[in-house]
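The primary structure of each chain is shown beneath.
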Amino acid sequence: MDIREALKQRILILDGGMGTCIQQLGIRYDGNNDALPMTDPDAIYGIHKAYVEAGADIISTCSFSANAVSQEGYGMQDRIREMNVAAARVARRAADEAVGRQVWVMGSMGPTSKSLFIIEMMMDPTETLDFDRLQAAYHEQACGLIEGGVDGFIVETITDARNAEAALSAIAMAQKEKGTCLPIMVSGSIMNSSGCLMTGISLKDLYDVCAPFGIMSFGLNCSFGAKELYPFIKEIGGFAQCAVSVYPNAGMPTAHGYEEGPCDTAGAISRMAQDGLINIAGGCCGTTPEHIRHVAESLKGLAPRQF
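Since the structure is predicted, the reported quantities are computational estimates derived from the model, not experimental observations. (Residues numbered from 1 in each chain as written. Predicted model: local features only at pLDDT ≥ 70, side-chain atom pairs only at ≥ 80, totals over all residues. Heavy atoms only, no water.)

1. Some points on the sheet that holds strand β2 (residues 58–60)
At step 1: The parallel open sheet is built from eight strands, whose spatial order is β1-β10-β7-β6-β5-β4-β3-β2. Strand pairing shows two members of the sheet lacking a second neighbour, β1 (12–13) and β2, which therefore form its edges.
At step 2: Bridge count between β2 and strand β3 (residues 104–109): three bridges; the pairing is parallel. Across the sheet, the residue bridging to Ser60 is Met106, located in β3.
At step 3: Along the sheet, helix α9 (residues 161–178) contacts β3, β4 (152–158) and β5 (184–188); its crossing angle with β4, the most-contacted strand, is approximately 170°. (Pairing = 2+ DSSP bridges. Helix = DSSP H or I, 4+ residues; strand = E, 2+ residues; numbered from the N terminus. Contact = heavy atoms within 4.5 Å. Axes fitted to C-alpha atoms, helices over the stretch in contact; angles between N-to-C directions.)

2. Structural notes on helix α11 (residues 226–237)
At step 1: With 12 residues, α11 should reach 16 Å at 1.5 Å per residue; the first-to-last C-alpha distance of 16 Å fits that figure.
At step 2: Every buried residue of α11 is listed here: Ala226, Leu229, Tyr230, Phe232, Ile233 and Ile236.
At step 3: Of the surrounding elements, those touching the buried residues of α11 are α10 (203–210), β6 (217–222), β7 (243–248) and α12 (262–274). (Expected span 1.5 Å × (residues − 1). Buried < 20%, exposed > 50% of the residue type's maximum accessible area, 1.4 Å probe, protein only.)

3. A closer look at the state of the cysteines
At step 1: Applying the stated rule across the entire model yields zero disulfides.
At step 2: Free cysteine Cys242: the closest other cysteine sulfur is in Cys210, separated by 9.4 Å.
At step 3: Residue class for Cys242 comes out buried when judged on its relative accessible area of 5%.
At step 4: Here Cys284 stays unpaired: no disulfide links it, and the sulfur of Cys285, its closest cysteine neighbor, is 4.1 Å away. (Disulfide = S-S within 2.5 Å.)

4. Some details on the packing of aromatic side chains
At step 1: Taken as a whole and assessed by the stated rule, the structure comprises three aromatic pairs.
At step 2: With a centroid separation of 5.4 Å and an interplanar angle of 50°, the aromatic rings of Tyr207 and Phe239 are classed as tilted. Remark: Phe239 occurs in the loop between α11 and β7 and Tyr207 occurs in helix α10; sequence separation between them is 32 residues.
At step 3: When its relative accessible area of 13% is taken as the criterion, Phe239 is described as buried.
At step 4: One aromatic cluster is present, built from ring pairs that chain together Tyr207, Phe218 and Phe239.
At step 5: Stacked on the ring of Phe307, the Lys or Arg Lys8 has its end atom at 4.3 Å from the ring centre.
At step 6: The residue whose ring lies beneath Arg271 is Tyr230, and the NZ or CZ to ring-centre distance is 3.8 Å. (Phe/Tyr/Trp six-rings, centres within 6.5 Å; stacked < 30°, edge-to-face > 60°. Lys NZ or Arg CZ within 6 Å of the ring centre and 35° of its normal.)

Right, dumping it as structure tokens:
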């Protein structure tokens, strides 16, 4: 079944934190999560498999920062295609092994290590990053994800609308070249109770930038806990002409981990679902397969938002 049709029938469950699970494994590496699908694919496969077994309908590739701009810091900017192909293939393997149901793989494309909006505002003559270079970096990533076999894309943790525009235009170029028409999820990250991105743009303005690219869903991830995101998800429901997604952090980080346990996250997301606000639900930083298991159980039988 096409994921866009499935969204009209039920709330789809997204996976949870990738970095959180990598940290829990205690892997010895240089901190570059996106290299692990190449260097330790079995570890990443195990994380994907755990989320599938917890009830995830959608798993996202371990490729959040697998773009040339962000990988310069690790000296791996020349291996972008390889990184994304590997990330897609290891997720594809876990999804295809799901028994008795379909699991979709979305290619994760996160923000780069530099904000184009801030660079343009400061007009720094020493800065070499411009829209064309950023678009090219995202284009290379998107092509690798398509080659690796993703079912779609998830442009996530957006804090800069200009970066999002570069990513979405790059995906459009890659899809035209590859002859695909894969769906796109878009997810912003707000910084505080103002409901604005780090660069000051409102959620409505971000949506207006992204909507012309024919996105499948629009929503929020990371930010803070699910309870605090409720009013902003409700706000999005007032203007979004597409599916709405939410995958928050497990509350705020503390000295002993994150605030929210699985039941806390699931309870807050369940309230959104009961009020008819969401189509896709999962978790971000601090969430684990156990969080996703509780979310999946809490949403059984609840109807998706109509759009």
